[in-house]
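Structure assessment
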Amino acid sequence: NAGVTQTPKFQVLKTGQSMTLQCAQDMNHNSMYWYRQDPGMGLRLIYYSASEGTTDKGEVPNGYNVSRLNKREFSLRLESAAPSQTSVYFCASSETSGGNEQFFGPGTRLTVL
Amino acid sequence: AQKITQTQPGMFVQEKEAVTLDCTYDTSDQSYGLFWYKQPSSGEMIFLIYQGSYDEQNATEGRYSLNFQKARKSANLVISASQLGDSAMYFCAMRVTGNQFYFGTGTSLTVIP
């Protein structure tokens, strides 16, 4: 039982390059999330998927796209990376309701030069 | 507006003493959940404790308790008998309608031997 896995762990991009961050969970959770964490800003929600087949914008969606490929997988794509997207990205999953906390992946440290 | 506020960027506590980390929230939802997470220097997010908006009793989990004051919209975390391993960032979070989560900016706790 791996929980939430993310790939890659580290990535360096040049401005304008594209990439996809992968996330998978094996807990049969309905909801999945992408956050970015910047110093002094806490975690900010980029996009989330409340259930398979749905995606919604969070607090900071600009410059990102997501795909809920199936119940297990939720990917985050940067089409044209910018230095402002340098951050640590966390994927998380949770059950739909109740007191179910989010389970987090280990994070991806992304640097855009 | 949905918002979580943590006003203490950094806190110090003597080993074996108790410490309170402050969290206030703002939401118009009647049903919501409040969470605390710990993030050690290694970067992973660790769930600590949960409080539902309709729960009448304060939540407790071992040395962690959540002081929930609904009228004041506060959800402070109390850590009793602090240990050196408690040194970390602590984040307060709120789950609202649609299973969306909001996080505060965090409090850095340092336990002094």
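Here the structure is a predicted model, which is why all the values come from computation and not from measurement. Counting restarts for each chain: residues are numbered from 1 in the order of the written sequence. To read the labels, note that chains go from A and ligands from 1, taken in the order they are written. In view of the model being predicted, local features appear only for residues whose pLDDT reaches at least 70, and side-chain atom pairs are presented and counted only at 80 or more, with totals across whole chains, interfaces and linings using the full set of residues. In computing side-chain properties, one takes all heavy atoms of the structure into account and sets aside hydrogens as well as water.

Thoughts on the sheet that holds strand β3 (residues 19–25) of chain A
All names here are of chain A. Pairing between strands is defined by DSSP: at least two bridges between them are needed. Numbered from the N terminus, helices here are DSSP runs of H or I no shorter than four residues, and strands are runs of E no shorter than two. Taken in spatial order, the four strands make up an open sheet running β1-β3-β8-β7, and their pairing is antiparallel. With partners counted over all chains shown, the strands left at the sheet margins are β1 (4–7) and β7 (64–68), one partner each. Between one strand axis and the next, the sheet turns through 15 degrees on average, direction left out of account. Pairing geometry for β3 and strand β8 (residues 74–78), over three bridges, is antiparallel. The partner of Leu 21 across the bridge, within β8, is Leu 76. Angles shown run from 0 to 180 degrees and are taken between the N-to-C directions of axes, each axis being a line fitted to C-alpha atoms and, for helices, limited to the stretch in contact.

Comments concerning the side chain of Thr108(A)
Residue and element names in this part refer to chain A. Along the chain, Thr 108 falls in strand β11 (residues 108–112). Any pair of nitrogen or oxygen atoms within 3.5 Å is treated as a polar contact; in protein, a donor-acceptor pairing is required on top of that, and neighbouring residues in sequence qualify only through side-chain atoms on both sides. Of the polar contacts made by the side chain of Thr 108, one reaches the backbone oxygen of Pro 8; its length is 2.5 Å. In what follows, a contact means two residues having at least one pair of non-hydrogen atoms within 4.5 Å. The residues touching Thr 108, leaving out its near neighbours within four places in the chain, are Gln 6, Thr 7, Pro 8, Lys 9, Leu 21, Ser 87, Val 88 and Tyr 89.

Concerning the packing of aromatic side chains
Centre distance and the angle of the planes are the two values used to describe a pair of aromatic rings. Only Phe, Tyr and Trp rings are paired, with Trp represented by its six-membered ring, and only when their centres lie within 6.5 Å; those with planes under 30 degrees apart are stacked, over 60 edge-to-face, the remainder tilted. What the rule picks out here adds up to 17 aromatic pairs over all chains. On the numbers, 6.1 Å between centres and 15 degrees between planes, the contact of Tyr33(A) with Tyr48(A) is stacked. Here Tyr33(A), found in strand β4 (residues 31–38), pairs with Tyr48(A), found in strand β5 (residues 42–49); they are 15 residues apart in sequence, far enough to count as distant. Judged by its relative accessible area of 0%, Tyr33(A) is buried. Measuring from centroid to centroid gives 5.4 Å for Tyr33(A) and Phe101(B), while their planes differ by 90 degrees, and the two rings are edge-to-face. With Tyr33(A) in strand β4 and Phe101(B) in strand β11 (residues 100–103), the pair connects residues from two separate chains. Of the two residues, Tyr33(A) and Phe101(B), both sit in the buried class. The rings of Tyr33(A), Tyr35(A), Tyr48(A), Phe90(A), Phe104(A), Phe35(B), Tyr37(B), Phe47(B), Tyr50(B), Phe101(B) and Phe103(B) are connected pair by pair, giving a single aromatic cluster. For every residue, the accessible area obtained with a 1.4 Å probe (protein chains only) is divided by the maximum for its type, and the residue is called buried under 20%, exposed over 50%, and partly exposed between those limits.

Keep in mind these numbers describe shape, not what the thing actually does.
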